[in-house]
Amino acid sequence: RKEVEQDPGPFNVPEGATVAFNCTYSNSASQSFFWYRQDCRKEPKLLMSVYSSGNEDGRFTAQLNRASQYISLLIRDSKLSDSATYLCVVNDYKLSFGAGTTVTVRA
Amino acid sequence: DVKVTQSSRYLVKRTGEKVFLECVQDMDHENMFWYRQDPGLGLRLIYFSYDVKMKEKGDIPEGYSVSREKKERFSLILESASTNQTSMYLCASKGGPGTGVFFNSPLHFGNGTRLTVT
C-alpha cells in the first residue's frame, strides 16, 4: 500500500461549483499535513496546512480525520484560476507526497 | 519570503556525463531536500540533509549523491547520467531542526530543473 494515496481525477467542474477530494495516509503516527497546489510545469506551492480541528482559508476548507486516516480539501465557488493539481503531503518525518488530484474548472 | 533558487531551469546532458544540480536557499533553513517528479509517480525523495555535511537517503537514492558543504547550498550529483534520470528535479528547504515546533513547518520549493539525458 502506498504511504499517501489520492484520487488522480481529473475533476472537471463548472465555474461556481463546489469540488472536494480526499487523501488517505497509511502511517497513523503522522504528525502534520499540508495541501500544495501545482500548476503545469511549475513547482508546488503551499496552499494550506491542515490542523486537527479543520481550517478554512477563503474558499478553501481542509479537514483531518485521524480515525479514518484521511485529509480532505473542499473548494467552494470554483474559479478558472483554481485549475491545477493539488498535492497532499503527510509529515511522518520524511514528508510523503501523494501523486496529486487534477482539478479543471471550465467556464 | 523564502527563496529557494535552482541554478538551471533546463538542462540537456549526454549519457555517462557527470551532472551537478545546485540549490541555494536564503532563509537559514536546516533541512534541505531533493525530489524528482515524474508523471503518474508524483514526487519521490532522493536525498535530504538536516544539517551541514549531513545527508540521509530518501526513497530512490541509487545513481545519485549529494553534497552540503554550506548551510545554504545543497547539491545533487548524478555520477554517470542515464536516460532513466530524465525528469523534473525539485529542491526544497524547511525551517528548524526537524523537531518541536519546526517539525510541522512546510516545505518551500525551488522552481525546478527539467533535466533531459540523451
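Structure first, text after, so check above.
Throughout, a residue's number is its position along its own chain's written sequence, starting from 1. Labels follow written order: the first chain is A, the first ligand is 1, and so on. For a predicted model such as this one, the threshold for reporting local features is a pLDDT of at least 70, and the threshold for listing and counting side-chain atom pairs is 80 or more; totals across whole chains, interfaces and linings nevertheless cover every residue. Derived side-chain values reflect all non-hydrogen atoms in the structure, with water molecules and hydrogen atoms excluded from consideration.

Asks: How should I be thinking about the overall build of chain B in this particular structure?
Replies: Within chain B, the regular secondary structure consists of 0 helices and 12 strands. Along chain B, from the amino end to the carboxyl end, the secondary structure elements read β-β-β-β-β-β-β-β-β-β-β-β. Between the two quantities, the radius of gyration covers C-alpha atoms and the globule rule is 2.2 Å times the number of residues to the power 0.38. Relative to the globule expectation of 13 Å for 118 residues, the C-alpha radius of gyration of chain B, 14 Å, shows essentially globular dimensions. Counting across all 118 residues of chain B, residues that qualify as buried make up 48%. Residues are treated as being in contact if the distance between any of their heavy atoms lies within 4.5 Å. A separation of at least 24 residues holds for 57% of the contacts in chain B among residues at least 6 apart in sequence. Taking the 16 positively charged and 14 negatively charged side chains of chain B as two groups, their mean positions are separated by 5 Å. Strands here mean DSSP runs of E at least two residues long; helices mean DSSP runs of H or I at least four residues long; both are numbered from the N terminus. Each residue is assigned to one of three classes by its accessible area relative to the maximum for its type, calculated with a 1.4 Å probe on protein chains only: buried under 20%, partly exposed between the two thresholds, exposed over 50%. His is not counted, nor are the chain ends; Lys and Arg add positive charge and Asp and Glu add negative charge. A charge is said to be at NZ when it belongs to Lys, at CZ for Arg, at CG for Asp and at CD for Glu.

Asks: Is there a simple way to think about the overall build of chain A in this case?
Replies: For chain A, the helix and strand inventory stands at 0 helices and 11 strands. Order of helices (α) and strands (β) in chain A, N terminus to C terminus: β-β-β-β-β-β-β-β-β-β-β. On C-alpha atoms alone, chain A measures out to a radius of gyration of 13 Å, which is about the 13 Å that the 2.2 N^0.38 rule sets for 107 residues. With the C-alpha coordinates of chain A rotated into their principal frame, the extents come out at 40 × 30 × 20 Å. Within the span of chain A, comprising 107 residues, buried residues form 47% of the whole. Here the analysis covers contacts within chain A between residues at least 6 apart in sequence; of these, 55% occur between residues at least 24 apart. Note that accessible areas follow from Shrake-Rupley with a 1.4 Å probe, and for residues the cover is restricted to the protein chains shown. For chain A, the accessible surface area stands at approximately 5,100 Å², while carbon and sulfur atoms represent 48% of it. In chain A, the 12 positive side-chain charges and the 11 negative ones have mean positions that sit 2 Å from each other.

Asks: Is there a simple way to explain the pattern of salt bridges in this structure?
Replies: Side-chain pairs of opposite charge can arise whenever the charged atoms involved come near each other. Each reported salt bridge corresponds to a side-chain nitrogen of Lys or Arg within 4 Å of a carboxyl oxygen of Asp or Glu. Tallied over the full model, the rule gives 11 salt bridges over all chains. One salt bridge in this structure joins K79 of chain A and D77 of chain A, with 3.0 Å as the shortest N-O distance. A salt bridge links E30 of chain B to K71 of chain B; the nearest nitrogen and oxygen atoms lie 3.6 Å apart. Here K71 of chain B lies in the loop between strand 8 (64-70) and strand 9 (73-78) and E30 of chain B lies in the loop between strand 4 (23-25) and strand 5 (31-38), a separation of 41 residues in the sequence. Owing to a relative accessible area of 23%, K71 of chain B belongs among the partly exposed residues under this scheme. Salt bridges sharing partners connect three or more residues here, namely D28, E30 and K71 of chain B.

Asks: Where do I start with the sheet that holds strand 7 (residues 60-65) of chain A in this structure?
Replies: What links the strands of a sheet is backbone hydrogen bonding, and the strands pair in either a parallel or an antiparallel sense. Residue and element names in this part refer to chain A. Following DSSP output, two strands are said to pair if at least two bridges run between them. If you walk across this open sheet you meet the 5 strands as 1-3-8-7-6, and the pairing is antiparallel. In the strand order of this sheet, the two ends are held by strand 1 (4-6) and strand 6 (55-57), each with one partner. Sheet twist, expressed as the mean angle between neighbouring strand axes with direction ignored, is 20 degrees. Axis angles are defined between N-to-C directions and span 0 to 180 degrees, where every axis is a line fitted to C-alpha atoms and, for a helix, only to the segment in contact.

Asks: What am I meant to see in the interface of chain A and chain B here?
Replies: Accessible area lost on assembly of the parts is the figure often given for the size of an interface. Each partner contributes to the interface: chain A provides 18 residues, whereas chain B provides 24 residues. Here the buried area means the combined drop in accessible surface, using a 1.4 Å probe, for two parts upon being joined, counting both sides. With both chains or domains summed, chain A and chain B bury close to 1,800 Å², and 60% of this area falls on carbon and sulfur atoms. The interface formed by chain A and chain B holds 0 salt bridges in total. In the analysis that follows, any N or O atom pair within 3.5 Å is treated as a polar contact, provided that within protein one partner can donate a hydrogen and the other can accept it, and provided that, for residues neighboring in sequence, both atoms belong to side chains. Taken together, chain A and chain B are joined by 3 residue pairs in polar contact (both at pLDDT 80 or more). Only strand 4 (32-38) and strand 9 (84-91) of chain A provide two or more residues apiece to the side of chain A that touches chain B.

Asks: Could you clarify how one ought to interpret the pairing of strand 3 (residues 19-25) of chain A in this entry?
Replies: Residue and element names in this part refer to chain A. Of the two faces of strand 3, the one holding V19, F21, C23 and Y25 is buried and the one holding A20, N22 and T24 is not buried anywhere. Where strand 3 lies against strand 8 (residues 70-75), 6 bridges are found, and the strand directions are antiparallel. Each residue of the ladder has a partner; that of T24, found in strand 8, is Y70.

Asks: Mind showing me how you'd approach the state of the cysteines here?
Replies: Joining two cysteines, a disulfide is a covalent bond between their sulfur atoms. Criterion for a disulfide: a pair of cysteine sulfur atoms within 2.5 Å. For the coordinates displayed, the defined rule picks out 2 disulfides over all chains. Paired through a disulfide, C23 of chain A and C88 of chain A show a sulfur-sulfur distance of 1.9 Å. Between C23 of chain A and C88 of chain A, the disulfide has an S-S torsion of -65 degrees and is therefore left-handed. Note that C23 of chain A is positioned in strand 3 and C88 of chain A in strand 9, a separation of 65 residues in sequence. Residue pairing for C23 of chain B: its cysteine sulfur links by disulfide to C91 of chain B, the two sulfurs lying 1.9 Å apart.

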